[in-house]
Amino acid sequence: MTQQATPENEKTVESKVETNAEKNAIYKELAWQGLWKNNPGIVQLLGLCPLLAVTNTVTNALGLAIATLFVLVASNTLVSMIRHHVPKAIRIPIFVMIIASLVTCVQLLMNAFTYELYLSLGIFIPLIVTNCIIIGRAEAFASKNGVKHAAFDGLMMGLGFSAVLLLLGATREVLAQGTLFDGIETLLGDWSSFLTITLYHTETSFLLAALPPGAFIIMGLIIALKNAIDARGENE
Amino acid sequence: MAFINASSPHQRTRRSSSQIMVLVMLCLIPGIALQSYFFGISNLLQILLAGIVALSAEAFILKLRKRPIINTLKDGSALLTAILIAISIPPLAPWWIVVIGTLFAIIFVKQLYGGLGQNLFNPAMAAYVLLLISFPVQMTAWLPMLSLQPFELSFLDQLNTLLTGQTLDGYSVAQLSVKIDGLTMATPLDTLKNSLKSGFTSTEIFDSASFKAASAQAILWVNLGFLFGGAILLAKRVIHWMIPISFLLGITIFSFIAFAYQPDLNGSPLFHLLSGATMLGAFFILTDPVSAATTVKGRLLYGFLIAFIVVLIRNVGGYPDAIAFAVLLGNMCVPLIDYYTQPKVYGGKA
């Protein structure tokens, strides 16, 4: 998967910060980039493997979203903190080691506290290491910008990715089983079981939506929707 | 006075797309008529439903794409797709099956790729695969032929089953497919596959009561009906001979190899030729001019390739019939096949 970092991200945003208004403008821009314009899920198309594989229910999507968000914010912060001390030639292995240690923490935590979700996400938790979004942001943004901006960028990119995960997970779960938040108690504990909503009962589930081909089709529709909104915005 | 020395052909007629589609639909009639005779009038209801859905979905998308609606609808391709979907699904499948399939075929497989002439995949078969994967229970509930059924199914019974899933007396399709003696009746290919798994040899299976209850004769007649219609298409030169002939030859050869190797575990070539969707596939599905190969050699290769996949899946795969899967896999190979089989330009270097 190619990495399509736009030039806006690569230039050093902290170089000339003078007024409060400009500071706010930078944060606004970062949020806009991460959530919509340069959304990792539906614009950069990074991290498609977990995106398509685990979004068969909202619970799975939410679990992966939280894990990815945490790793992304933490790795961006750490990479930004050590950016002056890392030799350029070996920066990628170092970034990968940081990300891998963070993912290991997440994996062990999920194993301890949300065991069933850990089982249902399976291989896709350790695979967060290879998620291109994380290494992409570390390389394209965090290694060139200050800690505050890098952390905020990680948060926004993570939220953008989470939004796509949740949307895809919700669409697929409704189509396939007619429910929302099925099995949420495996993630948040028993108190949250009231969140499970059954929209309709069906004896014959629409299996395609739960299978990977359905994920591709629905993902395509979401991207088309985003492009349609953008096109409409340009026309006006 | 000038004499024009042109080489033959001297008289040419070009058929428009809509003429071709109408001819194809007319040639489907014998097969459809036999299928409706054996399996019930609900077959025609499915065609009606699919046709309405296909035309409205096509019109809706054309409006969104700002294309001419009436002219495009008149080419008949949407209607043909609808008919092919409707006759491949079980006649008593609930109404939403055919609606979902037709919507998927027209909107996703055809129009999203750019409409007639642009689709990579055969819309009807893509829809069939979608339905088979998503709704295996409904899509495999082929009832035995009417004369073998324990209950009389009137027209109203069939209409009611299509709409609500139950006959007027309240029998579900699953109950209808079980004979009074408790034997489940499926299609011949189904029965062969399941009985082979339980350890019978194919000779035993072909003689067994459950195979005879599997309406083998009806399916045979339906296949002959499609063969007849296909022969007319060939004679009218609507389709080229390469694909059907190479496909049927391929089925014969490959199933003969399997049959010769282990006659007890595989159906005979004749069985493969006249069961399932072989004839419908050979003349009406593989020959889709949009998604099939276009060169002479390419068409031969395309037919053989699909035949190979069909025999492979039928004999060792998990599904009883495989025309739809094989056609989709064949469609994927078409760009490659066409690329490597371009004929050499006359006088050009080889």
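Residues numbered from 1 in each chain as written. Chains lettered and ligands numbered in written order. Predicted model: local features only at pLDDT ≥ 70, side-chain atom pairs only at ≥ 80, totals over all residues. Heavy atoms only, no water.

### Things to note about the interface of chain B and chain A
Listed by partner, the interface residues are ten residues for chain B and eight residues for chain A. Across the chain B/chain A interface, buried area totals approximately 680 Å², and carbon plus sulfur atoms make up 80% of it. Contact with chain A buries surface across chain B, with B:Phe108, B:Ile133 and B:Ser134 losing the most and accounting together for 48% of the total. Taken together, the links from chain B to chain A amount to zero salt bridges. Inspection of the region where chain B meets chain A yields one residue pair in polar contact (both at pLDDT 80 or more). For the side of chain B that touches chain A, the secondary structure elements donating two or more residues are α5 (95–111), α6 (123–134) and α7 (136–139) of chain B. With four residues, α5(B) is the largest single contributor of residues to the side of chain B that touches chain A. Tallied by class, the residues present in the side of chain B that touches chain A amount to eight nonpolar, two polar and no charged. (Contact = heavy atoms within 4.5 Å. Buried area = accessible area lost by both parts, 1.4 Å probe. Salt bridge = Lys/Arg side-chain N within 4 Å of Asp/Glu carboxyl O. Polar contact = N/O pair within 3.5 Å; in protein donor to acceptor, adjacent residues only side chain to side chain. Helix = DSSP H or I, 4+ residues; strand = E, 2+ residues; numbered from the N terminus. Nonpolar A, V, L, I, M, F, W, Y, C, P; charged D, E, K, R; others polar.)

### Considerations on the nonpolar core
In terms of nonpolar packing, the biggest core is built from 88 residues, with B:Leu28, B:Leu84, B:Phe247, B:Phe284 and B:Tyr302 touching the most fellow members. Mapped onto the domain boundaries, this core takes at least three residues apiece from domain 1 (17–183) and domain 2 (186–339) of chain B. If we skip the residues at most four places from it in the chain, B:Leu84 touches B:Leu28, B:Ala124, B:Leu280, B:Phe284 and B:Ile285. Ranked by size, the runner-up nonpolar core spans 45 residues in total, among them A:Leu52, A:Ile133, A:Ala138 and A:Ala215. (Core = buried A, V, L, I, M, F, W, Y, C linked by side-chain atoms within 4.5 Å. Buried < 20%, exposed > 50% of the residue type's maximum accessible area, 1.4 Å probe, protein only. Domains from an automatic or database assignment.)

### Re the confidence of the model for chain B
Here chain B averages 85 in pLDDT, and 90% of its residues register 70 or above. Here the predicted complex carries an ipTM of 0.76, next to a pTM of 0.84. (pLDDT = per-residue confidence, 0-100.)

### A look at the pattern of salt bridges
Inspection of the entire model under this criterion finds five salt bridges over all chains. Linking A:Glu139 and A:Arg91 is a salt bridge whose minimum nitrogen-to-oxygen distance equals 2.8 Å. Taken together, the residues span a long stretch of sequence, with A:Glu139 in helix α7 (residues 132–140) and A:Arg91 in helix α5 (residues 91–113) at a distance of 48 residues. On the basis of relative accessibility, which here comes to 18%, the residue A:Glu139 falls in the buried class. Of the charged contacts in the structure, one is a salt bridge between B:Asp321 and B:Arg314, with a shortest N-O distance of 2.8 Å. The class for B:Arg314 is buried, based on a relative accessible area of 6%.

### Topic: the packing of aromatic side chains
What the rule picks out here adds up to eleven aromatic pairs over all chains. Look at A:Tyr115 and A:Tyr118: their rings are 6.1 Å apart centre to centre, the planes differ by 25 degrees, and that puts the pair in the stacked class. Of this pair, A:Tyr115 and A:Tyr118 both sit in helix α6 (residues 115–121), separated by three residues, roughly a single helical turn. Overall, A:Tyr115 belongs to the partly exposed group, its relative accessible area being 45%. Among the residues examined, A:Tyr118 registers a relative accessible area of 17% and is labelled buried. The interplanar angle of 70 degrees and the centroid separation of 5.2 Å between the aromatic rings of B:Phe254 and B:Phe308 together place this pair among those described as edge-to-face. Placement of B:Phe254 in helix α14 (residues 242–261) and of B:Phe308 in helix α17 (residues 296–316) is noted, with a sequence separation of 54 residues between them. With relative accessibility at 22%, the residue B:Phe254 sits in the partly exposed group. B:Phe308 sits in the partly exposed class, given a relative accessible area of 38%. In this structure an aromatic cluster arises from ring pairing among A:Phe206, B:Trp96 and B:Phe135. (Phe/Tyr/Trp six-rings, centres within 6.5 Å; stacked < 30°, edge-to-face > 60°.)

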